[in-house]
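# Residue-level structural notes
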Amino acid sequence: MNPRELLQRTCASAPPSLRLHSLWTWLPVLGLFRGLVFTFLFAFSLVMLRRLGLHVRAVTFFLGWLLVPYILKPFVRPWMRKLGSSRFFLFEMELLIVLSMGGIGFSLQEPNWKMECMVFYFALALWGALHDIVASNFCMAALGPRCSRLVSKVNFYTLIVALLGGLGVLVMVGGNMEVLSRAIRSSWMHVCYIASAVCLVLLVAQLFLLPYPREAGIMAQPQMKSLFDRFVDKCAVIAKSPKAWPWIMFLLLYLLPLSLLWPMTTLFLIDPRSSGGMGLSPQEVAYVQGTLGVLSLIGGCVLSEYLLRRYPSGKMWLLLALLFTLPTGGWLWLSFVHPSGLSSIAAVVMAQGFGTGMGIAPYRLSVFPPPGSHRILSPQASRSLMGIAVMLPFTASGNMQAALGYRRFFFLVVLSCGVSLAAILILLISRHRWRRRAE
């Protein structure tokens, strides 16, 4: 099925005034803006802050806490209904994001740059989370509720493209500026300005591309008591349902190896060999992880979606989970061997990217189930659990590495793969039992 047929089939409820070709302009641009903010916070900043001299423990702890606004989005979303799908508020959030990115760069030239940089980082995370909520409301009003799955897919792939730009291009530019200017802080200051300028260009493009949703306007603000009562009722229903717990355990535990590796692989590549790292330059990290790794991730995502469409069985889920966990052994091998050439490092990074792309597909189906499937948890609750599953290991990974060293840390990551496999096995066994009882 080509993209045009998919769009016509999925967005049957879209307003007639919304032309077909315009969707493929404003929707990816909006998704790319969201992806660049997330990439700047949790991928690009790993390299920048480490190059600026922050300890591994401080980098992961600080950036991990920036995930809190994204975790709390389901609790904030009802209060954002008062603003509805306002284009003005969407652009206001984007302008604040642009200013916050520029503020991070501006703070790097100050003597007390660490404290000022943290303030702008927390502001960027807050505006980014609020922008995600308003952007989702905008897409819902413009395209209708039946297009939520299409919007989530576009957001996912534009996030990967943003990784290619943020972890690949921006890090490459920062490394080259370091070589030319011999000044680390001023180099990354200019890179922050470049990232802010790119987001400003996307903001201006959206001024002309974004449609005016027919449902735009102010919605009724819910009462605090009613929200609290509904929240308590939902928690009680989930706690009493035996079907919910395997899903909750799967959402919380499946991503454990990836959450531990996410920050530490980048820091391992850029740390000097005297500290147990690979001692790569920012340009080499941008090429190996930001380019080859991201392209392998795209290939794994595309292939896994094809396999799940053709073989939607539990055995395929288990096979993808195995492919998700096996490449973690490559990082353990790198920590012991420390090869001098880039080819071995690139092979491990590409295997990890491809395995992540293959193994993340079952998790995405759990957060965004296909139409007609039985939904146990809402997508908002699933995304909050996903945020918790990523934040806790992300935040603790630096302390774990500082206490254990890279070799023992990667050995622990390999052991954590058993937790992922156990989580998906429990889910598949539970689903099989539910089906047998239903028959």
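Residues numbered from 1 in each chain as written. Predicted model: local features only at pLDDT ≥ 70, side-chain atom pairs only at ≥ 80, totals over all residues. Heavy atoms only, no water.

## Considering the overall build of the protein chain
Along the protein chain, the regular secondary structure elements total 17 helices and zero strands. Counting only residues that meet the buried cut, the protein chain has 51% of its 439 residues in that class. Counting only contacts in the protein chain whose residues sit at least 6 apart along the sequence, the fraction spanning at least 24 positions is 83%. Carbon and sulfur atoms make up 68% of the accessible area of the protein chain, which totals about 20200 Å². (Helix = DSSP H or I, 4+ residues; strand = E, 2+ residues; numbered from the N terminus. Buried < 20%, exposed > 50% of the residue type's maximum accessible area, 1.4 Å probe, protein only. Contact = heavy atoms within 4.5 Å. Areas by Shrake-Rupley, 256 points an atom, 1.4 Å probe, with all protein chains shown as cover.)

## Brief notes about the nonpolar core
Counting 104 residues, the largest nonpolar core has Met-48 and Tyr-121 as its most contacted members. Of the residues forming this core, the biggest block, 14 residues, is contributed by helix H17 (residues 379-438). In this structure, Tyr-121 is in contact with Phe-40, Leu-41, Ser-45, Met-48, Leu-49, Phe-62, Leu-63, Leu-66 and Ile-104, ignoring residues within four places of it in sequence. Counting 22 residues, the second-largest nonpolar core is a separate cluster that includes Met-80, Phe-91, Ala-135 and Val-151. (Core = buried A, V, L, I, M, F, W, Y, C linked by side-chain atoms within 4.5 Å.)

## Here's the deal with unusual backbone geometry
Phi at Arg-182 is positive, roughly 60°, even though this residue is not glycine. Locating Arg-182 in the fold gives a position in the loop between helix H8 (148-181) and helix H9 (184-209). Residue Arg-182 is classed as exposed on the basis of its relative accessible area of 71%. Positive phi, close to 50°, is recorded for His-338, a residue that is not glycine. Mapped onto the elements of the fold, His-338 is located in the loop between helix H15 (328-337) and helix H16 (342-367).

## Regarding helix H6 (residues 87-107)
Along an α-helix, a turn takes 3.6 residues, which lines up residues three or four apart on a common side. In a regular helix each residue adds 1.5 Å, so 21 residues correspond to 30 Å; H6 covers 30 Å between its end C-alpha atoms and thus fits that length. Of all the 21 residues making up H6, 15 are buried; the element is thus mostly covered by neighbouring parts of the structure. (Expected span 1.5 Å × (residues − 1).)

## So, the packing of aromatic side chains
Going through the model one piece at a time under the given rule, you end up with 25 aromatic pairs. With 5.4 Å between their ring centres and 85° between their planes, Phe-156 and Tyr-157 make a pair best called edge-to-face. On the basis of relative accessibility, which here comes to 18%, the residue Phe-156 falls in the buried class. Between Tyr-254 and Phe-324 the ring centres are 5.0 Å apart and the planes differ by 20°, which places this aromatic pair in the stacked class. (Phe/Tyr/Trp six-rings, centres within 6.5 Å; stacked < 30°, edge-to-face > 60°.)

## Considering the packing of helix H11 (residues 244-253) against H16
With their axes 11 Å apart at the nearest point, H11 and H16 run at an angle of 130° to one another. As judged from the angle between their axes, H11 and H16 are oblique. Classified by chirality, the crossing of H16 by H11 is left-handed. Two secondary-structure elements touch here, H11 through Trp-247, Phe-250 and Leu-251 and H16 through Pro-362, Tyr-363, Ser-366 and Val-367. Residue composition of the contact of H11 with H16, by class: six nonpolar, one polar and no charged. (Axes fitted to C-alpha atoms, helices over the stretch in contact; angles between N-to-C directions. Parallel < 35°, antiparallel > 145°, perpendicular 65-115°, else oblique. Left-handed = near helix turned anticlockwise from the far one by under 90°. Nonpolar A, V, L, I, M, F, W, Y, C, P; charged D, E, K, R; others polar.)

Read these as geometric descriptors, not functional statements.
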